[in-house]
Each structure stands twice: as structure tokens, then as C-alpha cells.
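As a plain string of letters, each chain reads:
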Amino acid sequence: MRIEVFRTAEDVAAAVAELLITEVQRDPAIVLGLPTGRTPVLSYERLVAKRHRVSFRQVRTFNLDEFVGLGADHPGSYRRFMERHLFAHVDVLPAHIGFLDGAAADTQAECERYERAIAGAGGIGLQLLGIGNNGHIGFNEPAPELAARTHRVVLLPETRRANAADFGGDPDQVPREALSMGMATILHARRIVLLATGAGKAACVQRMAEGSLTTMLPASFLQVHPNVDVLLDEPAAARLGRR
Ligand code: PGA
């Protein structure tokens, strides 16, 4: 795990935007795994500001997760989030955007379809990740066992609280379940770049990078991946190396 610490969250975002531009220039048909959440918003903003430098016309994308019950048009859906923050502003083709359909009648079949779509695209080349305060990646929540593949998951109360902003600030309005790539889906990406900013992430970042591997901190499994970059601001890095 390569760890790089930047002074501010803006510096992290600038580095992420440069990294994405470089990777897309190197492989214009790259398959990107993309996150939602507060952390990547600044990175998407920076990328959009530099969009004249790169074309996404051949790029394919797969987002990590989506809320169960929310269709692509629901204002709280992650599909809409991505439209607002990235897709509407770059030249990615709608047909190249892979997304879990939270409104699918048969969620099991939808998860299987997603796995096939990712495999059919040749697998994920670069997976961008955030990390939850509880150490989740995607919606792989801490638990005695972790699902390997794309699956339906019950969200923990802290995760629903963390997502309340897009639901009028009320955690009860946040859907109780989501569909998420599994741990193996994520860990099969050829390269992973995890971003974390702010003091609230310092404890889980320390456990992720320096603690034991545990299903109770799903991000700790990134330690076994051979090609992971962790980009942090100083507050998120504050507990590293202090054991
Ligand atoms: P956040 O979420 O960026 O909103 O903190 C991260 C995550 O849950 O993966």
C-alpha cells in the first residue's frame, strides 16, 4: 500500500484529477470503478475543470453501489449524484456507464448482471474508492463475513446517518438497503486508489493501513492487493505511524 499525504483536501483532489487524466490518456478505453460520497466530490470538480485535456468517449465506468428501491431518476440515487458531479460534464457515452439498478424487481438477478457486465468489459482497470467512518468500502459493511461478489446489503445506522444530507438531513429517509460490489469485485481491480480526507477518517485509515486484516474493517483487505495508492490529507493521516 503506497501512502501519499497532501496538506489539504484540495491538494488530494488535484492529485486525483491528474492521476485520472494520466490514466485515461495512457489507456483511452480504460474501465473505471467510481465512488460516490462527500470525499470524491472535490476530485470530480477538479476533473471537470480540466475536461478539455482528456476525452472519456471510450471510457467505461462502473459505480460501486446504489440504494435499493431508488431508480436512476430519484434525486437521492447515486446514479443522479454521478450525473450531477461528473457524467453530465464530460463526454462519457451513456451506453458506457455501468450502474446497479436499485429499482430492479429481482435484485439478485441485477447483481449477477452487474458482475457479468464488469467481466464483459474486461474487469476494472482503475478503482477509485472512499472509505466509510466504519471502514467500509463500497457498501461492504463491517460484519463477521463479507460477501465476495455484488450483493444486497443492509446498511448500518452510522452509514444511513452519513448519507442523510441527500435525504433532507433525516437518516430515516435513507434507504435501509443497498446493492454493492463485493470485496472480490473490488479487489480484482488492477489498480486501486483510495481517498480519505478529514480528521473523522484518521482512526479508520490507521486501522486500514496498520491494523490486522479483519472483516470488521473491510478496507483492511486492501493490504493484500499489490497495487493500491492511498491519498490522504494531513488530518486523515494524523494517526499513522503512532502505534
Ligand atoms: P464519504 O463516504 O466520502 O461521504 O465520507 C465514504 C464512503 O462511505 O465510502
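This text goes with the structure placed above it.
Described in the following lines is the structure provided in the data block. (Residues numbered from 1 in each chain as written. Predicted model: local features only at pLDDT ≥ 70, side-chain atom pairs only at ≥ 80, totals over all residues. Heavy atoms only, no water.)

Quick notes on the packing of aromatic side chains
Now for step 1: Counted under the stated rule, the structure contains six aromatic pairs.
Now for step 2: For the ring pair Tyr78 and Phe81, a centre distance of 6.5 Å and an interplane angle of 80° mean the geometry is edge-to-face. One end of the pair, Tyr78, and the other, Phe81, are both in helix α3 (residues 78–85), three residues apart, so they sit about a helical turn from each other. The residues Tyr78 and Phe81 share a single accessibility class, namely buried.
Now for step 3: Each ring, one from Tyr78 and one from Phe139, has its centre 6.0 Å from the other, and the planes form 25°; the classification is stacked. With Tyr78 in helix α3 and Phe139 in the loop between β6 (126–129) and β7 (151–154), this residue pair connects regions lying 61 residues apart in the sequence. Considered together, Tyr78 and Phe139 belong to a single accessibility category, that of buried residues.
Now for step 4: Members of the aromatic cluster, connected to one another through ring pairs, are Phe67, Tyr78, Phe81, Phe139 and Phe167. (Phe/Tyr/Trp six-rings, centres within 6.5 Å; stacked < 30°, edge-to-face > 60°. Helix = DSSP H or I, 4+ residues; strand = E, 2+ residues; numbered from the N terminus. Buried < 20%, exposed > 50% of the residue type's maximum accessible area, 1.4 Å probe, protein only.)

Observations concerning the site of the ligand
Now for step 1: Taken together, the residues surrounding the ligand are Gly37, Arg38, Thr39, Gly130, Ile131, Gly132, His136 and Lys201.
Now for step 2: Within the contact set of the ligand, an oxygen atom lies 2.8 Å away from a backbone nitrogen or oxygen of Arg38.
Now for step 3: The separation between an oxygen atom of the ligand and a polar side-chain atom of His136 is 2.6 Å.
Now for step 4: When the ligand sits alone it has 280 Å² of accessible area, and the protein chains cover 85% of it.
Now for step 5: Partitioned by chemical class, the residues of the shell around the ligand number one nonpolar, five polar and two charged. (Near = heavy atom within 4 Å. Polar contact = N/O pair within 3.5 Å; in protein donor to acceptor, adjacent residues only side chain to side chain. Areas by Shrake-Rupley, 256 points an atom, 1.4 Å probe, with all protein chains shown as cover. Nonpolar A, V, L, I, M, F, W, Y, C, P; charged D, E, K, R; others polar.)

Let's talk about the pattern of salt bridges
Now for step 1: If you walk through the whole model with that rule in mind, you get 10 salt bridges.
Now for step 2: Between Asp229 and Arg2 there is a salt bridge, and its shortest N-O distance comes to 2.8 Å. One end of the pair, Asp229, is in strand β10 (residues 228–233); the other, Arg2, is in strand β1 (residues 2–6), with 227 residues separating them in the sequence.
Now for step 3: When its relative accessible area of 9% is taken as the criterion, Asp229 is described as buried.
Now for step 4: Here Glu18 ties to Lys50 by a salt bridge, and the two come within 3.4 Å at their closest N and O atoms. Residue Glu18 is found in helix α1 (residues 9–26), and its partner Lys50 is found in the loop between α2 (39–49) and β3 (60–63); the two are separated by 32 residues along the sequence.
Now for step 5: Residue Glu18 is classed as partly exposed on the basis of its relative accessible area, which comes to 29%.
Now for step 6: Since its relative accessible area comes to 22%, Lys50 is described here as partly exposed.
Now for step 7: A cluster of three or more residues bridged by salt bridges with shared partners is formed by Arg2, Glu23, Arg26, Arg191 and Asp229. (Salt bridge = Lys/Arg side-chain N within 4 Å of Asp/Glu carboxyl O.)

Regarding the packing of α1 against α2
Packed helices, taken two at a time, are described by the angle their axes make and the gap between the axes.
Now for step 1: Following both chains from N to C, one finds α1 and α2 inclined at 55°, their axes separated by 8 Å at the closest point. Judged by the angle between their axes, α1 and α2 are oblique. With respect to the hand of their crossing, α1 and α2 are arranged in right-handed fashion. Contacts from Ala9, Glu10, Ala13, Ala14, Val16, Ala17, Leu20 and Ile21 of α1 reach α2 at Leu42, Ser43, Arg46 and Leu47.
Now for step 2: Residues that form the contact of α1 with α2 fall into these classes: nine nonpolar, one polar and two charged. (Axes fitted to C-alpha atoms, helices over the stretch in contact; angles between N-to-C directions. Parallel < 35°, antiparallel > 145°, perpendicular 65-115°, else oblique. Left-handed = near helix turned anticlockwise from the far one by under 90°. Contact = heavy atoms within 4.5 Å.)

A word on the environment of Phe167
Now for step 1: Position of Phe167 relative to the elements: it lies in the loop between α5 (157–162) and β8 (177–180).
Now for step 2: On the basis of relative accessible area, Phe167 is assigned to the buried category, the value being 10%.
Now for step 3: The spatial distance from the C-alpha of Phe167 to the C-alpha of Ser77 is 9.9 Å, given a sequence separation of 90 residues.
Now for step 4: If sequence neighbours within four positions are ignored, Phe167 has contacts with Phe67, Leu70, His74, Gly76, Gln173, Val174 and Pro175.

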